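# Architecture and fold: a report
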Number of protein chains: 2
Amino acid sequence: MTQAFSFELKARDGAARRGEILTQRGAIRTPAFMPVGTAATVKAMYPGQVRDLGADIVLGNTYHLMLRPGAERIDRLGGLHSFMNWPHPILTDSGGFQVMSLSTLRSLNEHGVTFKSHVDGAKYEMTPERSIEIQCLLGADIQMQLDECIALPADAARIEAAMELSLRWAERCKQAFGERPQQALFGIVQGGDHAGLRERSADTLSAMNLKGYAIGGLAVGEPQDVMLAMLEATCPRLPAEKPRYLMGVGTPDDLLKAVARGVDMFDCVMPTRAGRHGQAFTRFGRINLRNARHADDPRPLDPTSSCPAASQYSRAYLHHLVRSNEALGGMLLTWNNLAYYQDLMQGARSAIEDGVFGLYCESTSEAWARGDLPAL
Amino acid sequence: MTQAFSFELKARDGAARRGEILTQRGAIRTPAFMPVGTAATVKAMYPGQVRDLGADIVLGNTYHLMLRPGAERIDRLGGLHSFMNWPHPILTDSGGFQVMSLSTLRSLNEHGVTFKSHVDGAKYEMTPERSIEIQCLLGADIQMQLDECIALPADAARIEAAMELSLRWAERCKQAFGERPQQALFGIVQGGDHAGLRERSADTLSAMNLKGYAIGGLAVGEPQDVMLAMLEATCPRLPAEKPRYLMGVGTPDDLLKAVARGVDMFDCVMPTRAGRHGQAFTRFGRINLRNARHADDPRPLDPTSSCPAASQYSRAYLHHLVRSNEALGGMLLTWNNLAYYQDLMQGARSAIEDGVFGLYCESTSEAWARGDLPAL
């Protein structure tokens, strides 16, 4: 018998939660950071490496996969897991984020969104029903409702309209999704930076009895304290026994502060994108390897790290690779960054189990604040 | 006591040779293909992966490393082996190839070559003495004399002058190299497509009693049969008890035909560069993954390959990665190609030991000629 989708809370420490999502493709330990595999690849990483870092689940992007290679093609080839050689859980977004990020390439009405492909200019229509159809063709274990995500700042009427449209689309997605015990459809709370709208969105979605809830439309231009205030308004209104996913967030500091407010799942391109741009996340904070101070530094990024990219290559070598635009530079820094994010989440899970999550956040932040090792 | 540089012939099959070069950093099984690590990195490969494919030695490029990050810097950082995290043997070229490839950016006279850096426009003088000095700073196990390499076709007087200059530079390199029992300086036979010049060059270099001999100035524009004729003129004039290295060559077919004529060592950017451009070397010949025929093909490149890149990813997925310019496409195809080259050389070594090298070449060529699997 195949494992039905389920979520179990194992420990709490204040509002922070340690849980486990069970799926037919394995367990997801929460709090979880999900590496982003936009085009069916976590950029510059072999799938086995991603797994070895402790990632239980990765993301695929519905919009990008719809354009290329196409959802029907991936279905014919046996689904996204087989296609990208990742037999573990996969979450797909719905295309809602592209409603914001590609706002110049799309038109939107009650029925759905029409995109003009950035690959070949062809037109694609994305409705709530088509989004779910695509996510089912991909075979995603966790699927997201189509929503209208808008950038901040925005005026209240605009935010409210997008939130209300997202709720109507959630209903249509639920209908289209139907009964799929092995998979989950998550609703997405919208409402911008208005606590009242966030609460109304959370309450309405909660009543729909979905298998999990995401918090969308954050980290889209607002300061961190606004984002945290929105989490404080939203998380308590969501059912405690369902997983909560803060979409597209964020820095290591964002992650810890969101976990402290009851969030269970995260995804963000930050560790992979920063790696390709010469930035390393470490327990000393963020380090820019392009900086000349590293040119003659024989020390590794962090000799205590479990990741070979952090412990077995000198900063001088990483500096050289980054300055020379060598592929290995991006490969090593992406590896280091994903390792750092996974280790940070593993630390959070242990700290919650041990009831010391507050101390964990404090000592981690203090280490970031002390900054990098003195230059040689 | 540190291992002095030595070469031992273990088996012969016709003119083909199976040997072993011993160095202070380990043995090099010949015939050997040496992956190219121009800028202190075999492009898009982790060093451990290169080693795991069976590579005993890699190349570094003197000219590129001189410009960036600089030979003196690498020396301060503990040498090239430590810098690039490759504790095994390294061969460095001398800059002579760039005398040809960067002919618009340099001026040459008896004393040496002056390059204008393609990185920052600064001027660098490369003399035979400076080339050896740089290679010693890098700590290369096998070092090459500075030579004048010229493109073909070229007129006889021009070829002869470059060959004679290269011989004078070989003497100066030998003086500069001095006594270094743990390292080797190789001379480079020049002479273009003139058997008589090749013979004179080989005879003069042989009399210099260097630790190995390279054959340069081939695969620079001439047809394969001309290259093979030059090997037939040259190899028999070189001392049998010294390793022979055909520089910058070539296709898998070039390699087998050169081994059959007595060559022991090879380097070429072909497997790595082709990989970054969507090409896979396989026992079915060369496959272009950009081709639309692969878009829906769930079969791996070669299910019998020992390399995960060849056996665990579908052609459809590789096609998608290549078309989407995803880093993983170049990573997987480079990995596949280097694995193919290393396996080809391992097959050659076994076949020579077993006295069946002719059959090995025949069956390998037949498989290439049959071409790729029929499209689905």
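Residues numbered from 1 in each chain as written. Chains lettered and ligands numbered in written order. Predicted model: local features only at pLDDT ≥ 70, side-chain atom pairs only at ≥ 80, totals over all residues. Heavy atoms only, no water.

## Section: the interface of chain A and chain B
Accessible area lost upon the coming together of the parts is a frequently used measure of interface size. Under the convention used in this document: Note on contacts: a residue pair qualifies if any of its non-hydrogen atoms lie within 4.5 Å across the two residues. Buried area adds together the accessible area that both of two parts lose upon being put together, with accessible area traced by a 1.4 Å probe. Every case where a carboxyl oxygen of Asp or Glu lies within 4 Å of a side-chain nitrogen of Lys or Arg is listed as a salt bridge. What counts as a helix is a DSSP run of H or I of at least four residues, what counts as a strand is a run of E of at least two, and both are numbered from the N terminus. When residue character is reported, Ala, Val, Leu, Ile, Met, Phe, Trp, Tyr, Cys and Pro are called nonpolar, Asp, Glu, Lys and Arg charged, and the others, Gly included, polar.
Contacts between chain A and chain B engage 35 residues on the former and 35 residues on the latter. For the pairing of chain A and chain B, the buried interface totals around 3000 Å² over both sides, and the portion due to carbon and sulfur atoms is 56%. Of all residues in chain A, Tyr 46, Tyr 317 and His 320 of chain A give up the largest surface area on contact with chain B, accounting jointly for 21% of the area buried on that side. For the pair chain A and chain B, the number of links is six salt bridges. Notably, a salt bridge pairs Arg 76 of chain A with Asp 296 of chain B, separated by 3.0 Å at the nearest N-O pair. Looking at the side of chain A that touches chain B, the elements that each hand over two or more residues are α1 (47–52), α3 (71–76), α13 (315–323) and α14 (327–353) of chain A. For the side of chain A that touches chain B, the residue count by class is 21 nonpolar, six polar and eight charged.

## Some thoughts on the pairing of strand β12 (residues 184–189) of chain B
Every regular strand shows the same layout, with side chains that alternate between the two sheet faces. Residues and elements named next belong to chain B. Put simply, the rule is: The buried label applies to any residue whose accessible area, calculated with a 1.4 Å probe on protein chains only, is under 20% of its type's maximum; exposed applies above 50%, and partly exposed to all values in between. What makes two strands pair is DSSP finding at least two bridges between them.
In terms of burial, β12 is largely enclosed, as six of its six residues are buried. Residues Ala 184, Phe 186 and Ile 188 point to one face of β12 and Leu 185, Gly 187 and Val 189 to the other, with burial holding for every one of them. Relative to β12, strand β11 (residues 142–144) is paired through three bridges, and the arrangement is parallel. Note that in β12 the partner of Gln 143 across the bridge is Leu 185. The sheet contact formed by β12 and strand β13 (residues 212–215) spans four bridges and is parallel.

## Here we look at the domain arrangement of chain A
Residues and elements named next belong to chain A. Counted only if it meets this: Each domain span listed reflects an automatic or database assignment of domains.
Assigned domains within chain A: domain 1 (6–268) and domain 2 (275–370). Placing the centre of domain 1 and that of domain 2 at their C-alpha centroids yields a distance of 27 Å. Listed per partner, the contact involves 29 residues of domain 1 and 28 residues of domain 2. Carbon and sulfur atoms make up 73% of the area that domain 1 and domain 2 hide from each other, which totals about 2400 Å². Per-residue buried area on domain 1 facing domain 2 is highest for Leu 53, Pro 252 and Leu 256; these three make up 28% of the total on that side. One can count one salt bridge joining domain 1 with domain 2. For the side of domain 1 that touches domain 2, the elements supplying multiple residues, two or more each, are β1 (6–13), β2 (16–23), β3 (26–30), β4 (32–34) and α10 (252–259). At five residues, α10 tops the list of elements feeding residues into the side of domain 1 that touches domain 2.

## Considerations on the relation of the copies chain A and chain B
Condition: Copy-to-copy superposition: least squares on the C-alpha atoms, limited to residues that have pLDDT of at least 70 in both copies.
Each copy superposes on the other: chain A lies on chain B with an RMSD of 0.0 Å after a rotation of 180 degrees and an axial shift of 0.0 Å. What we have between these two chains is a two-fold relation. The rotation axis passes nearest to the C-alpha of Ala 327 of chain A in chain A, at a distance of 4.0 Å. The fraction of interface residues of chain A whose copies in chain B are also interface residues reaches 100%, indicating that both copies meet through the same surface.

## Quick notes on the environment of Ala 40 of chain A
As for its position among the elements, Ala 40 of chain A is in the loop between β4 and α1. For Ala 40 of chain A, a relative accessible area of 0% gives the class buried. Sequence separation between Ala 40 of chain A and Thr 62 of chain A is 22 residues; the distance between their C-alpha atoms is 9.9 Å. Beyond its immediate chain neighbours, meaning those up to four positions away, Ala 40 of chain A contacts Leu 65, Leu 80, Phe 83 and Met 84 of chain A together with Tyr 317 and His 320 of chain B.

## Brief notes about the sheet that holds strand β9 (residues 123–126) of chain A
All names here are of chain A. For the record, the criterion: An axis is simply a line fitted to the C-alpha atoms; with a helix, the fit covers only the stretch in contact. Between two such axes, the angle follows the N-to-C directions and lies from 0 to 180 degrees.
Read from one edge of the open sheet, three strands run β7-β8-β9, paired in antiparallel fashion. The open sheet terminates on both sides in strands that have one partner only, identified here as β7 (106–108) and β9. Across the sheet, the mean angle separating the axes of adjacent strands is 15 degrees when strand polarity is ignored. As defined by bridge partners, β7 adjoins strand β8 (residues 113–116) across three bridges and the pair is classed as antiparallel. By the bridge assignment, Ser 107 is partnered in β8 with Thr 114.

## Looking at the packing of aromatic side chains
Test applied: Ring pairs shown here join Phe, Tyr and Trp side chains whose ring centres sit within 6.5 Å, with only the six-membered ring taken for Trp; geometry is labelled stacked below 30 degrees between planes, edge-to-face above 60, and tilted in between.
The final tally for this structure, using the stated rule, is 17 aromatic pairs over all chains. With a centroid separation of 6.3 Å and 35 degrees between ring planes, the pair formed by Phe 357 of chain A and Tyr 360 of chain A is classed as tilted. One end of the pair, Phe 357 of chain A, and the other, Tyr 360 of chain A, are both in helix α15 (residues 357–370), three residues apart, so they sit about a helical turn from each other. Assessed through its relative accessible area of 4%, Phe 357 of chain A is described here as buried. Ring plane angle 85 degrees and centroid distance 5.4 Å describe the contact between Phe 281 of chain B and Tyr 341 of chain B, whose orientation is recorded as edge-to-face.

## A closer look at helix α8 (residues 195–207) of chain A
All names here are of chain A. In plain terms, the rule: To estimate how far a helix should reach, multiply one less than its number of residues by 1.5 Å. The arc in question is formed by the directions pointing from the helix axis toward the C-beta atoms.
Here α8 spans 18 Å end to end across 13 residues, near enough to the 18 Å set by a 1.5 Å rise per residue. Looking only at α8, the buried set comprises Leu 197, Arg 198, Ser 201, Ala 202 and Leu 205. Each buried residue of α8 sits inside an arc of 130 degrees when the element is viewed along its axis, so together they form one side. Elements in contact with the buried residues of α8: α7 (156–177), β11 (184–189), β12 (212–215) and α9 (224–234). Looking one or two residues beyond α8, the residue adopting positive phi is Asn 209, at roughly 55 degrees.

## A closer look at the side chain of Gln 98 of chain B
All names here are of chain B. Structurally, Gln 98 is set in helix α5 (residues 96–101). A relative accessible area of 4% places Gln 98 in the buried class. Residues contacting Gln 98, with those up to four places away along its chain left out, are Asn 61, Tyr 63, His 64, Asp 93, Ser 103 and Phe 115.

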